[in-house]
Amino acid sequence: MKKLFLLLLVTSFSHFTLKSQTSQELNSSEILQGLKKLNTVSSILYIAAHPDDENTRLLGYLANEKNLRTGYLSLTRGDGGQNLIGKEQGELLGLIRTQELLAARRVDGAEQFFTRAKDFGYSKTPEETFEFWNKDSILSDVVLTIRKFKPDVIICRFPTTGEGGHGHHTASAILALEAFDAAADPTKFPEQLKYTQTWKTRRIFWNTFNFGSTNTTAPDQLKVDVGVYNPLFGKSYGEIASESRSMHKSQGFGSAKQRGSNIEYFKLLKGEEAKSDLMEGVNPRWDRMRGTESLLKTIEDCIKNFNPQQPEKSITALVQIHKELQNLDSKNDYVNYWKRLKLKETENLLFACSGLWLESFASDYIGIPGQEINLTTQIVNRNNSDLKINSISYFGLGDTSLNLSAKQNELYSFKRKLKLNSNMPYSSPYWLNEKHQPGLYTVKNKVLIGKPENEAAAKVLFDLTIQDLNIKTERNVVYKYTDPVKGEIYRPFEILPPITIQLSENVFVFTDNNPKTIAVTIKANAVNVSGTLMLKVSNGWEVTLKNPEISLSSKGDEVVLEAVISPSKNAKDGKIEAFFNVQNEAYSKSIKRIEYDHIPYQFILSDAEAGLINIDLKKTGTNIAYIPGAGDDVAACLKQIGYTVTLLTDELLTSEDLSKFTSIVTGVRAYNTNERLQTFHSKLMDYVNNGGNLIVQYNTNSRVGPLQAKIGPYPFTISRTRVTDEKADIKFVNEKHNALNFPNKITQKDFDGWIQERGIYFAEDQDKNYETIFSMNDPKEKSSEGSLIIGKYGAGNFVYTGLVFFRELPAGVPGAYRLLVNLLSLPQNK
């Protein structure tokens, strides 16, 4: 999406969580760290598959101790994983994890890049991975990143030989090694050479590891102690790494701070040998290039003479550095590469030493193409520096000439009313703007490939003079407000259509020919929006809508309309599409918002449509209960097919008479996320013993979610076993069991159309009182019967299942509904 919440500066100060969303406020130690980085013109690229794969301790060390330009290329955005903090899955989860990676990089000082690869879930082999990703496409993206980033050294997190476990992990190493050679070959992906050049990386390492029972380190490998202490930060890199890794909150990766020596090991995979240092033989300073001797000395003198009490005294030296950078030979592509980066870093240091604050914020967080916005621009020169504001340009829509000499610590504020261009694109993540394949995002604008997020749509350009140096710098337009609890809050300035349409569900499930009333919410993002709601359905379906004419006078107003949808007798699965017609222009976007305290506000604009699913389904009982877990939409899906669902909080579990529920279901990871569930074990077992059905969806048993709770009436353990092939064969090992026969006859057809996987975290070592129902396995693996176990206990039944109902039901998979209804309908034991 359009991330306007801060100015991401080229790398110099990204170790520090920015105290402002638009203009940096750096203390003197941060300025000194930035000065040190000015003299380093060398880079290193770390490559792995997912958010959380990166070695944050090593990244922090390389970026801040060695002052190298350090990057992390995550092939995916983590779209296929589980979510420990909410219900978001798929693309929405990928958006959360993208921002968690950016938050981590702001802590450890590295930069973040991605390919177009979509995380389609756990994969056991690189061969399966490449079937989804399209190997050549992702290889192209890795090559492009190398050519643009120009690393002297590449480091892989995982090997090509499979010790990393996940097929995506192995694939990332295979791609890195192939890209190492291809990036230097002009015959490989020659279309990229229109806007970049070939690049020869000196060497590529594997950062070997000792995880659990897998130790790939060896005494003869290159070793680096990354546990050193940085007095400018007041922290060791083990402490910085903990803060960085703890940003992966959706994965539950809060980490303890490590102090003291910590050795990382590296095995050379290709390229020039190195015995004692990753950058052996690489001159990381400016004098690796001709004609830079004077520049090198000027920077060294600036560092030596820096006064932390009076940083403004370094402005003259920084002005000189800027001028010498501008005068470097512009015919050499590599010189130009570093010249461009270091000019930006120097400008940022100039602003920091002068205490310069530049900011433009809108009076509302929403802007509509073709409509006016109110903008306030503020400037403060907080140190005693010679600063002149020449002009301000408002994203090409208006200019203000000032010729203003900024007095020390005086706030200058300018208000403008500007009309946005009518063709301004809506804010939405660029990789989600087009329909995409299961394993590969579609990005038409190739220049965007690799970028973590969109450029801001609205920017303000400042023309400044510091001493006698003219500088032009941009700030993103933002919105800010004061929360009575949290204080001053920044959020992105959003470009949206005048209205958005929200259908009440992503999929509407019908179990008979009876009509269903659905809700359609129209929200105004502008004042005085009037028009007509139109609904379109697939063949075999009918929709009626009363009073479709709508008028909304104020921004933020909403109206909810009810539409009635009816399937014909043999209606096939289809979809419903919503449009809002305003003066002969149809708007058809819905919006999904994400709000968590640890990342900026996020949202996705997508087509206002939903699936229509017609399922042959019989069910018994109507009153069930749901114990929430880490977050899923299973309860909402059960409501759609006619169940009355009560959410059982801890308070209700304490006081409620459970006998009124025919079944109780626990949400995914409920026993991982709710420690108090263990205290209700006896009450839940009594419920089962007295004739109830308790269905426990998957939990994990790992470092992230250690499981010590007693769950069922008889013992079993939760394994790491999973079946990742969503088309894997299912064998029925207990064909006469009620779970396969009542009230719906389950057949192989019920496993058609499953998405992402069959199941995860299967049961094993189960007591003899449990019956198994299915046997399944991925290709070339041992079969497991732990996907669904059922134990009779007294008059009732206990069920543990790793089958991924939490994915299949929201996706409208008919067989998943039919099977879960059978589990809810297990008859009492006589």
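No experiment lies behind these values; they were computed from the predicted model shown.

A look at the overall build of the chain
Thought 1: Scanning the chain from terminus to terminus reveals 16 helices and 44 strands.
Thought 2: Its C-alpha atoms give the chain a radius of gyration of 29 Å, near enough to 28 Å, the size a compact globule of 830 residues would have.
Thought 3: With the C-alpha coordinates of the chain rotated into their principal frame, the extents come out at 90 × 70 × 55 Å.
Thought 4: Expressed as a percentage of the 830 residues in the chain, the buried residues total 59%.
Thought 5: For the chain, contacts bridging at least 24 residues in sequence account for 75% of all contacts bridging at least 6.

Looking at the packing of helix H2 (residues 56-65) against helix H7 (residues 237-245)
Thought 1: Two elements in contact, H2 and H7, have axes whose closest approach is 8 Å; the angle formed by their N-to-C orientations is 120 degrees. Considered as vectors, H2 and H7 are oriented oblique to each other. Considering the relative orientation of H2 and H7, their crossing is right-handed. Contacts between H2 and H7 involve Thr56, Arg57, Gly60, Tyr61, Asn64 and Glu65 from the former and Tyr237, Gly238, Ala241, Ser244 and Arg245 from the latter.

Here's the deal with the pairing of strand E2 (residues 69-74)
Successive side chains on a regular strand alternate, one facing one side of the sheet and the next facing the other.
Thought 1: Burial within E2 is extensive, with six of its six residues counted as buried.
Thought 2: Neither face of E2 is open: one carries Arg69, Gly71 and Leu73, the other Thr70, Tyr72 and Ser74, and all of them are buried.
Thought 3: Sheet analysis places strand E1 (residues 43-48) next to E2, joined by six bridges and oriented parallel. Across the sheet, residue Tyr46 finds its bridge partner in E2, namely Tyr72.
Thought 4: Once you follow E1 into H2 and on to E2, the crossover reads as right-handed.
Thought 5: The pairing of E2 with strand E3 (residues 111-114) spans four bridges and is classified as parallel. Note on E3: the bridge partner recorded for Ser74 is Phe114.

Points about the environment of Val224
Thought 1: With respect to the secondary-structure elements, Val224 resides in strand E8 (residues 222-225).
Thought 2: On the basis of relative accessibility, which here comes to 9%, the residue Val224 falls in the buried class.
Thought 3: Sequence-wise, Val224 and Tyr265 are 41 residues apart; in three dimensions their C-alpha atoms are separated by 6.7 Å.

Digging into the sheet that holds strand E11 (residues 263-271)
Thought 1: Taken in spatial order, the seven strands of this open sheet run E3-E2-E1-E4-E5-E11-E8, and their pairing is mixed. For this open sheet the edge positions go to E3 and E8, each flanked by a neighbour on one side alone. Across this sheet, the average inter-strand angle for adjacent strands is 30 degrees, counted without regard to direction.
Thought 2: Relative to strand E5 (residues 203-208), strand E4 (residues 153-156) is paired through four bridges, and the arrangement is parallel. Residue pairing for E5: Cys156 is matched across the bridge by Trp206.

As for the pattern of salt bridges
Thought 1: One pass over the full model with this rule turns up 44 salt bridges.
Thought 2: Linking Arg105 and Glu54 is a salt bridge whose minimum nitrogen-to-oxygen distance equals 3.0 Å. Here the residue Arg105 occupies a position in helix H3 (residues 90-108), and Glu54 occupies one in the loop between E1 and H2, the gap between them amounting to 51 residues.
Thought 3: With a relative accessible area of 2%, Glu54 lands in the buried category.
Thought 4: Note that Arg203 and Glu272 form a salt bridge whose closest N and O atoms lie 4.0 Å from each other. Residue Arg203 is located in strand E5, and its partner Glu272 is located in the loop between E11 and helix H8 (293-305); the two are separated by 69 residues in the primary sequence.
Thought 5: With a relative accessible area of 1%, Arg203 lands in the buried category.

Overview of the packing of helix H4 (residues 126-133) against helix H6 (residues 167-182)
When two helices pack together, their arrangement is given by the angle between their axes and by how far apart the axes lie.
Thought 1: With their axes 8 Å apart at the nearest point, H4 and H6 run at an angle of 75 degrees to one another. For the element pair H4 / H6, the angle class is roughly perpendicular. Contact with H4, carried on its side by Pro126, Thr129, Phe130 and Trp133, involves Gly167, His168, Thr170, Ala171, Ile174 and Leu175 of H6 and no other residues of that element.
Thought 2: Here the residues of the contact of H4 with H6 are counted per class, giving six nonpolar, four polar and no charged.

Some details on the nonpolar core
Thought 1: Leu35, Trp286, Leu318, Leu375, Ile379 and Phe395 are the most contacted members of the largest nonpolar core, which totals 87 residues.
Thought 2: Looking at which element gives the most residues to this core, the answer is helix H10 (residues 333-354), with eleven residues.
Thought 3: Leaving out residues up to four positions away in the same chain, Trp286 has contacts with Leu38, Asn39, Val41, Thr292, Leu295, Leu296, Ile299, Leu325, Leu328, Trp338, Lys339 and Lys342.
Thought 4: Counting 76 residues, the second-largest nonpolar core is a separate cluster that includes Phe680, Leu694, Tyr698 and Leu809.

Comments concerning the sheet that holds strand E28 (residues 558-567)
Thought 1: In space, the four strands of this open sheet follow the order E22-E24-E28-E26, with antiparallel pairing throughout. Two strands bound the open sheet, and with one partner strand each, they are strand E22 (499-503) and strand E26 (541-545). Neighbour-to-neighbour, the strand axes of this sheet turn through a mean angle of 30 degrees, independent of strand direction.
Thought 2: Sheet analysis places E26 next to E28, joined by five bridges and oriented antiparallel. Counterpart to Leu545 in the pairing with E28 is Ala563.

Regarding the packing of aromatic side chains
Thought 1: Under the criterion given, the structure shown has 27 aromatic pairs.
Thought 2: Between Phe205 and Phe266, the ring centres sit 6.1 Å apart and the planes meet at 70 degrees, which makes this aromatic pair edge-to-face. Taken together, the positions of Phe205 in strand E5 and Phe266 in strand E11 put the pair 61 residues apart, joining distant regions of the chain.
Thought 3: Using a relative accessible area of 1% as the deciding quantity, one classes Phe205 as buried.
Thought 4: For Phe266, a relative accessible area of 1% puts it in the buried group.
Thought 5: Judged by centre distance (5.0 Å) and plane angle (75 degrees), the ring pair of Tyr337 and Trp338 falls under edge-to-face.
Thought 6: The exposure class of Tyr337 is buried, given its relative accessible area of 4%.
Thought 7: Put simply, the rings of Tyr714, Phe716, Tyr770, Tyr793, Phe798 and Tyr800 touch in pairs and so form one group of aromatic residues.
Thought 8: Positioned above the aromatic ring of Phe114, the side-chain terminus of Arg77 is 4.1 Å from the ring centre.
Thought 9: Note that Lys619 overlies the ring of Tyr643, its terminal NZ or CZ placed 4.8 Å from the centroid.

Some points on the confidence of the model for the chain
Thought 1: Of all residues in the chain, 96% attain a pLDDT of 70 or more, and the chain-wide mean is 92.
Thought 2: Counting contacts from residues 1-21, a segment whose pLDDT is below 50, to residues more than four positions away or on other chains yields 97 contacts.

A look at helix H16 (residues 814-824)
Thought 1: In terms of residue burial, H16 counts as a mostly covered element, since ten of its eleven residues are buried.
Thought 2: Burial in H16 covers these residues: Gly815, Ala816, Tyr817, Arg818, Leu819, Leu820, Val821, Asn822, Leu823 and Leu824.

About the thresholds
- Residues numbered from 1 in each chain as written.
- Predicted model: local features only at pLDDT ≥ 70, side-chain atom pairs only at ≥ 80, totals over all residues.
- Heavy atoms only, no water.
- Helix = DSSP H or I, 4+ residues; strand = E, 2+ residues; numbered from the N terminus.
- Rg over C-alpha atoms; globule rule 2.2 N^0.38 Å.
- Buried < 20%, exposed > 50% of the residue type's maximum accessible area, 1.4 Å probe, protein only.
- Contact = heavy atoms within 4.5 Å.
- Axes fitted to C-alpha atoms, helices over the stretch in contact; angles between N-to-C directions.
- Parallel < 35°, antiparallel > 145°, perpendicular 65-115°, else oblique.
- Left-handed = near helix turned anticlockwise from the far one by under 90°.
- Pairing = 2+ DSSP bridges.
- Right-handed = clockwise from strand over helix to strand, strands pointing away.
- Salt bridge = Lys/Arg side-chain N within 4 Å of Asp/Glu carboxyl O.
- Nonpolar A, V, L, I, M, F, W, Y, C, P; charged D, E, K, R; others polar.
- Core = buried A, V, L, I, M, F, W, Y, C linked by side-chain atoms within 4.5 Å.
- Phe/Tyr/Trp six-rings, centres within 6.5 Å; stacked < 30°, edge-to-face > 60°.
- Lys NZ or Arg CZ within 6 Å of the ring centre and 35° of its normal.
- pLDDT = per-residue confidence, 0-100.

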